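Residue-level listing of the chains:
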Amino acid sequence: MKLNKEKDKRNLKNTLKTIFSKSRYIHTDKIDYKLNYKKGIVSSPEIYLRNCTPYSEFEVKKVKVVEGVGHRTCRDFGGKNNCTLTALYNLLIYYREKRNFEKIPDDREKLYELIVKSGRRHLYTKRRGMPVYMNSFFVTDVINRMLKIKSYKGKMIFFPSKELIMEFLNKDIPFIYSLALKPYFNHSIVVYGYRVYKEKTSGKEYTFLLVYDGWAHITRFLSWDNLNRRYTACMTYIK
């Protein structure tokens, strides 16, 4: 009986270790080698390509980075289904630092409080989050009513193509990206750049979007070539 108890304890310990090692990955800032597989979170495009393609020789063909986007996580603000609110916060940091939106508060808590107040006006709840169809109204309200910036508003594009996304980024326009597919099902992130890899032998290209996903403070990547030419998603930007 004693041996069975010890065995049960070991089994329980191993089970818990497995559960927590799988759940922890979405919130870690480190490159986790359990990541970087198809339909999963990508922390290293190089590892992802080695894991998911038959090739091993790659070179970076093109890179675009829109500097100045915030990288706060949902947990920094309580983590209650607040991904869209956190994404807007990170987007507004860029507009304050790089586009001289001087009315955006420097104080983190004050800015987020304004965002939450507007979010509640646009159907945000801690239980269900923010409905994606409210995104542009929400962003416009934060900019126009809460921040008193009248000449800009939020705009939405559903199912944008890779070419359109890269065009926006080339013009230094980062955006909120709300997705309905793994690894970011029912989740909003900020896209602020891209990186294109070329396989040296075949010449095949692989495109990754640079994102702050609200689950880690570091850059993560969205593999565009994982699915078809378009994700089931909505991009929300400031114009």
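All of these numbers come straight from a predicted model, not from anything done at the bench.

Q: What am I meant to see in the nonpolar core here?
A: Considering soluble globular proteins, one finds that nonpolar side chains tend to be buried as a cluster. Counting 68 residues, the largest nonpolar core has Leu92, Ile115, Tyr177 and Leu209 as the members making the most contacts within it. Of the residues forming this core, the biggest block, 9 residues, is contributed by helix H3 (residues 83-97). Contacts of Ile115, omitting those with residues within four sequence positions, involve Leu85, Leu88, Tyr89, Leu92, Phe138 and Val142.

Q: Explanation requested: the pairing of strand E3 (residues 175-179) in the structure shown.
A: Successive residues of a regular strand alternate their side chains across the two faces of the sheet. Counting buried positions over the 5 residues of E3 gives 5, a clear majority of the element. In E3, alternate side chains face the same way, and those of Phe175, Tyr177 and Leu179 on one face and Ile176 and Ser178 on the other are all buried. In terms of strand pairing, E3 meets strand E4 (residues 187-199) through 5 bridges, oriented antiparallel. Across the sheet, Tyr177 pairs through a bridge with Ile189, a residue of E4. Here E3 pairs with strand E7 (residues 233-238) via 4 bridges, running antiparallel. Residue pairing across strands places Ser178 opposite Cys234, the latter belonging to E7.

Q: Mind showing me how you'd approach the pairing of strand E5 (residues 205-212) here?
A: Among the 8 residues of E5, 7 are classified as buried, and the element is accordingly described as predominantly covered. When E4 meets E5, the two strands line up antiparallel, connected through 8 bridges. Within E5, the position partnered with Val196 by the bridge is Thr207. The loop that links E4 with its antiparallel partner E5 comprises 5 residues; one of these, Gly203, has a positive phi angle of about 80 degrees. For E5 and strand E6 (residues 220-223), the ladder comprises 4 bridges, and the chain directions are antiparallel. When the bridges of E6 are listed, Leu210 appears paired with Phe221.

Q: Looking at this model, I keep getting lost on the packing of aromatic side chains. Mind explaining?
A: Remark: the centre distance and the inter-plane angle together describe each pair of aromatic rings, the angle taken between the planes. In this structure the tally under the stated criterion is 14 aromatic pairs. With centroids separated by 5.4 Å and ring planes inclined at 45 degrees, the aromatic side chains of Tyr184 and Trp215 adopt a geometry described as tilted. With a gap of 31 residues between them, Tyr184 in the loop between E3 and E4 and Trp215 in the loop between E5 and E6 connect regions that are remote in the sequence. The same class applies to Tyr184 as to Trp215, namely buried. Here a set of aromatic residues connected by ring pairs shows up, and it is made of Tyr94, Tyr95, Phe101 and Tyr152.

Q: What exactly am I supposed to notice about the pattern of salt bridges here?
A: Side chains that carry opposite charge are capable of pairing whenever their charged atoms lie near each other. Scanning the entire structure with this criterion turns up 13 salt bridges. Across the pair Arg108 and Glu109 runs a salt bridge, and its minimum N-O distance is 3.1 Å. By relative accessible area, which is 27% here, Arg108 ends up partly exposed. Take Glu109: its relative accessible area is 44%, and that puts it in the partly exposed class. Each of Arg96, Glu97 and Asp106 takes part in one network of salt bridges that share partners.

Q: So what exactly am I meant to see when it comes to the environment of Phe58 here?
A: With respect to the helices and strands, Phe58 occurs in strand E1 (residues 58-65). Between the C-alpha atom of Phe58 and that of Thr201, which follows or precedes it by 143 residues, the distance is 8.6 Å. Each residue touching Phe58, except ones within four places of it in the same chain, is listed here: Leu49, Thr53, Tyr197, Lys198, Glu199, Lys200 and Tyr206.

Q: Even after reading the chapter, I still don't get helix H2 (residues 45-52), so can you show me in this structure?
A: An α-helical turn contains 3.6 residues, so any two residues separated by three or four positions project in the same direction. Residues Pro45, Ile47, Tyr48, Leu49 and Cys52 constitute the buried set of H2. Buried residues in H2 make contact with E1, E4, E5 and E6.

Q: Would you mind going over a nonpolar patch on the surface with me for this structure?
A: Taken together, the side chains of Leu123, Val132, Tyr133, Phe158 and Phe159 make up a nonpolar region of the molecular surface, amounting to roughly 490 Å² of accessible area. Among the secondary structure elements, Leu123 is positioned in the loop between helix H4 (108-121) and helix H5 (135-146).

Q: What is the right way to look at unusual backbone geometry in this model?
A: Trans peptide bonds make up most of the peptide bonds, and negative phi angles are found at most residues other than glycine. Omega for the bond connecting Lys182 with Pro183 falls within 30 degrees of zero, at 10 degrees, which places this linkage in the cis form. In this structure, Pro183 sits in the loop between E3 and E4. Phi angles above zero are rare outside glycine, and Asp172 is one such case at about 60 degrees. On the secondary structure map, Asp172 appears in the loop between helix H6 (162-170) and E3. According to the relative accessible area criterion, Asp172 is partly exposed, its value standing at 31%.

Reading guide: rules and limits
Residues numbered from 1 in each chain as written. Predicted model: local features only at pLDDT ≥ 70, side-chain atom pairs only at ≥ 80, totals over all residues. Heavy atoms only, no water. Core = buried A, V, L, I, M, F, W, Y, C linked by side-chain atoms within 4.5 Å. Buried < 20%, exposed > 50% of the residue type's maximum accessible area, 1.4 Å probe, protein only. Helix = DSSP H or I, 4+ residues; strand = E, 2+ residues; numbered from the N terminus. Contact = heavy atoms within 4.5 Å. Pairing = 2+ DSSP bridges. Phe/Tyr/Trp six-rings, centres within 6.5 Å; stacked < 30°, edge-to-face > 60°. Salt bridge = Lys/Arg side-chain N within 4 Å of Asp/Glu carboxyl O. Patch = residues over 30% accessible without salt bridge, like charges linked within 9 Å, V, L, I, M, F, W, Y side chains within 5 Å. Areas by Shrake-Rupley, 256 points an atom, 1.4 Å probe, with all protein chains shown as cover.

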